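So the chains spell out like this:
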Amino acid sequence: MSETDYCELCDLPKSQCIHGRPPAPPAPAPPAKRAAKPTTRVRKTTTSSTAAAPKVVTKSAPRKWTPPAAFAPLILEILETAGGSMSADDVLDELESQLTDSLLPGDFETTPEGELRWRYAARRARQTLLTDGLMVKGSPGVWQLP
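Here the structure is a predicted model, which is why all the values come from computation and not from measurement.

Asks: Talk me through the sheet that holds strand β4 (residues 136–137); I want residue IDs and the actual numbers.
Replies: Ordered by their spatial adjacency, 3 strands build an open sheet running β3-β5-β4, and the pairing between neighbours is antiparallel. Every other strand in the sheet has two partners, leaving β3 (85–87) and β4 as the edge strands with one partner each. Alignment of β4 against strand β5 (residues 142–144), held across 2 bridges, turns out to be antiparallel. Residue pairing for β5: Val-136 is matched across the bridge by Gln-144. Sheet contacts for helix α2 (residues 88–99): β3 and β5; angle to β3, the most-contacted strand, approximately 90°.

Here you go:
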């Protein structure tokens, strides 16, 4: 062996030292995760001879229960009819009588706390109305308009 076969830094043969070896190739990058996209379909309509933009239809799962936003306008209407203030139980009873036909089967299931889901959604709607300033906190057990 000649002098050029040995590393000047560690006195080992270049085939054994870390200084004489070529750098290792970079590790491959892990594959990027794709965000889940909602399934969409494009429907072509042939209602007119002019080219119209295609309609995009997004699939969504059917609702199991009524969202809180559906209760908000009814709560305001009930309170306005009652003069601006009403006990919470009376508001919920009136909501139930008005919505009996339109509540979904899941609305009559109970939450983990034992409350009917539609009543829970109505209370959440009230919280949103309070945040938006459309209702004010009255005495305990009373729902009130400003």
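Still to come is the rest of the account.
Asks: Got a sec to walk through the packing of helix α1 (residues 72–81) against helix α3 (residues 117–132)? Specific residues and values, please.
Replies: Running from N to C, α1 and α3 point in directions that differ by 75°, and their axes come no closer than 9 Å. The angle between α1 and α3 places the two elements in the roughly perpendicular class. Packed against α1, whose contacting residues are Ala-72, Ile-75 and Leu-76, the element α3 presents Ala-122, Ala-125, Arg-126 and Leu-129 at the interface. A breakdown of the residues in the contact of α1 with α3 according to their chemical character gives 6 nonpolar, no polar and 1 charged.

Asks: Can you explain the side chain of Asp-107? Please cite residues and give values.
Replies: On the secondary structure map, Asp-107 appears in the loop between α2 and α3. No salt bridge is formed by the buried Asp-107; its nearest oppositely charged neighbour, Arg-117, is found at 7.4 Å.

Asks: Residue-level account of the pattern of salt bridges, with values.
Replies: Summed over the entire model, instances satisfying the criterion amount to 3 salt bridges. Between Arg-119 and Asp-93 there is a salt bridge, with its nearest N and O atoms 3.4 Å apart. You can see Arg-119 sitting in helix α3 and its partner Asp-93 sitting in helix α2, a full 26 residues away along the chain. Among the ionic pairs, Arg-123 bridges to Glu-115, the shortest N-O distance being 2.7 Å. Residue Arg-123 is classed as partly exposed on the basis of its relative accessible area of 36%.

Asks: So what's going on with the packing of α2 against α3? Residues and values would help.
Replies: Interaxial distance between α2 and α3 falls to 11 Å at its minimum, and their mutual angle equals 120°. The orientation of α2 relative to α3 falls into the category oblique. Our pair here, α2 against α3, has a crossing hand that is right-handed. Facing Leu-92, Asp-93, Leu-95 and Glu-96 of α2, the residues of α3 in contact are Trp-118, Arg-119 and Ala-122. Of the residues that constitute the contact of α2 with α3, the class distribution is 4 nonpolar, no polar and 3 charged.

Definitions and cut-offs
- Residues numbered from 1 in each chain as written.
- Predicted model: local features only at pLDDT ≥ 70, side-chain atom pairs only at ≥ 80, totals over all residues.
- Heavy atoms only, no water.
- Pairing = 2+ DSSP bridges.
- Helix = DSSP H or I, 4+ residues; strand = E, 2+ residues; numbered from the N terminus.
- Contact = heavy atoms within 4.5 Å.
- Axes fitted to C-alpha atoms, helices over the stretch in contact; angles between N-to-C directions.
- Parallel < 35°, antiparallel > 145°, perpendicular 65-115°, else oblique.
- Nonpolar A, V, L, I, M, F, W, Y, C, P; charged D, E, K, R; others polar.
- Buried < 20%, exposed > 50% of the residue type's maximum accessible area, 1.4 Å probe, protein only.
- Lys, Arg positive; Asp, Glu negative; His and termini not counted.
- Salt bridge = Lys/Arg side-chain N within 4 Å of Asp/Glu carboxyl O.
- Left-handed = near helix turned anticlockwise from the far one by under 90°.

Any functional reading would require information that these geometric values do not contain.
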